[in-house]
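# Observations on the model geometry
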Amino acid sequence: RQAVQCQRPLQRSQPEGAWRSAIIAICDAAERFSETKTGALIVLERHTNLSEIVRTGTPVNSAVNLEVLGTIFYEGTPLHDGAAIIENGRIKPQAACCRFPTIWIWARTWAPAPCLPGIAENSDAIAIVVSEETGIISMAKNGVLIRHFDRQTLYTRLIDEMIPRSLWWKRARPTPGRTAQRA
């Protein structure tokens, strides 16, 4: 299926804080999944509305944290072959564990370059893939799969992708003419 190509601005009502804590949880989960060889697909929705895919999922509506992601992808649960879709730093209210075509399961298992997760080819979403066979953490974006992420590299990449530079750049650079005050 193709993602609905309805472009919308990134919603920034909960901009930096929600995304930053979600990214930390995603990176923690990816690291744990890699160590335990637990397969996972985590999709970060950006401009393209993924409503068509979301309709196939199971409602969860939750903050993104290690425990929730661990429960979703635990092999003993009915949801473990699905994917978690994250919107505005939260697991999308309408559906968290969406079913994808068989190619998704194969991508999650092996993550081969010719078999990219389709969501990242047909939308501007970012997909984080953890292979249940190798434990390799990969990221798919714009039809390209980048493999062999560690926790820190994944964190840096997701911060760059999901939080506009203007938000964190302002905080990182001192205002000209002002010096830091000590308490």
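Preceding this paragraph is the structure being described.
So, how was this worked out
- Residues numbered from 1 in each chain as written.
- Predicted model: local features only at pLDDT ≥ 70, side-chain atom pairs only at ≥ 80, totals over all residues.
- Heavy atoms only, no water.
- Helix = DSSP H or I, 4+ residues; strand = E, 2+ residues; numbered from the N terminus.
- Buried < 20%, exposed > 50% of the residue type's maximum accessible area, 1.4 Å probe, protein only.
- Contact = heavy atoms within 4.5 Å.
- Areas by Shrake-Rupley, 256 points an atom, 1.4 Å probe, with all protein chains shown as cover.
- Core = buried A, V, L, I, M, F, W, Y, C linked by side-chain atoms within 4.5 Å.
- Pairing = 2+ DSSP bridges.
- Arc of directions from axis to C-beta.
- Polar contact = N/O pair within 3.5 Å; in protein donor to acceptor, adjacent residues only side chain to side chain.
- Phe/Tyr/Trp six-rings, centres within 6.5 Å; stacked < 30°, edge-to-face > 60°.
- Axes fitted to C-alpha atoms, helices over the stretch in contact; angles between N-to-C directions.

### Here's the deal with the overall build of the protein chain
A tally of helices and strands in the protein chain yields 7 helices and 7 strands. Counting all 183 residues of the protein chain, 48% fall into the buried class. Within the protein chain, residue pairs in contact and separated by at least 24 positions form 68% of the contacts whose partners lie at least 6 positions apart. Summed over all atoms, the accessible surface of the protein chain reaches about 9,500 Å², with 52% contributed by carbon and sulfur.

### Focus on the nonpolar core
Counting 33 residues, the largest nonpolar core has I26, L44, L69, I128 and L158 as the members making the most contacts within it. Broken down by element, this core gets its largest block of residues, 9 residues, from helix 1 (residues 16-36). Dropping the residues within four chain positions of it, I128 is found in contact with I26, A40, L41, I42, L44, I137, S138, M139, L154 and L158. Grouped together as the second largest cluster of nonpolar side chains are 14 residues, A83, I85, V129 and L145 included.

### Some remarks on the pairing of strand 1 (residues 40-44)
Taking burial as the measure, the 5 residues of strand 1 include 5 buried ones, the bulk of the element. Neither face of strand 1 is left uncovered, since the one carrying A40, I42 and L44 and the one carrying L41 and V43 both have all their residues buried. Note that strand 1 and strand 3 (residues 84-87) share 3 bridges and pair parallel. In the sheet register, I42 faces strand 3, and the bridge partner there is A84.

### Quick notes on helix 3 (residues 66-73)
Taken together, the buried positions of helix 3 are occupied by L66, V68, L69, I72 and F73. Taken down its axis, helix 3 places every buried residue within 165° of arc, on the same side. Residues of helix 3 that are buried in the fold lie against helix 1, strand 1, strand 2 (62-63), strand 3 and strand 4 (90-91). With a side-chain oxygen lying 3.1 Å from the backbone nitrogen of E67, the N-terminal cap of helix 3 falls on N65.

### Description of the packing of aromatic side chains
Across all of its chains, the model carries 1 aromatic pair by this definition. Ring plane angle 75° and centroid distance 5.7 Å describe the contact between F33 and F73, whose orientation is recorded as edge-to-face. Of this pair, F33 sits in helix 1 while F73 sits in helix 3, and the two are 40 residues apart along the sequence.

### Looking at the environment of F73
Look at F73 and you get buried, because its relative accessible area is 1%. Counting along the chain gives 31 residues from F73 to I42, while the straight-line C-alpha distance between them is 9.9 Å.

### Regarding the sheet that holds strand 4
Read across the open sheet, the 7 strands follow the order 2-4-3-1-5-6-7; overall the sheet is mixed. In this open sheet, the two strands that pair with only one neighbour each are strand 2 and strand 7 (144-149). Where strand 2 and strand 4 come together, 2 bridges link them in antiparallel fashion. Note that in strand 4 the partner of S62 across the bridge is I91. Docked against the sheet, helix 3 engages strand 1, strand 2, strand 3 and strand 4, running at close to 125° with respect to strand 1.

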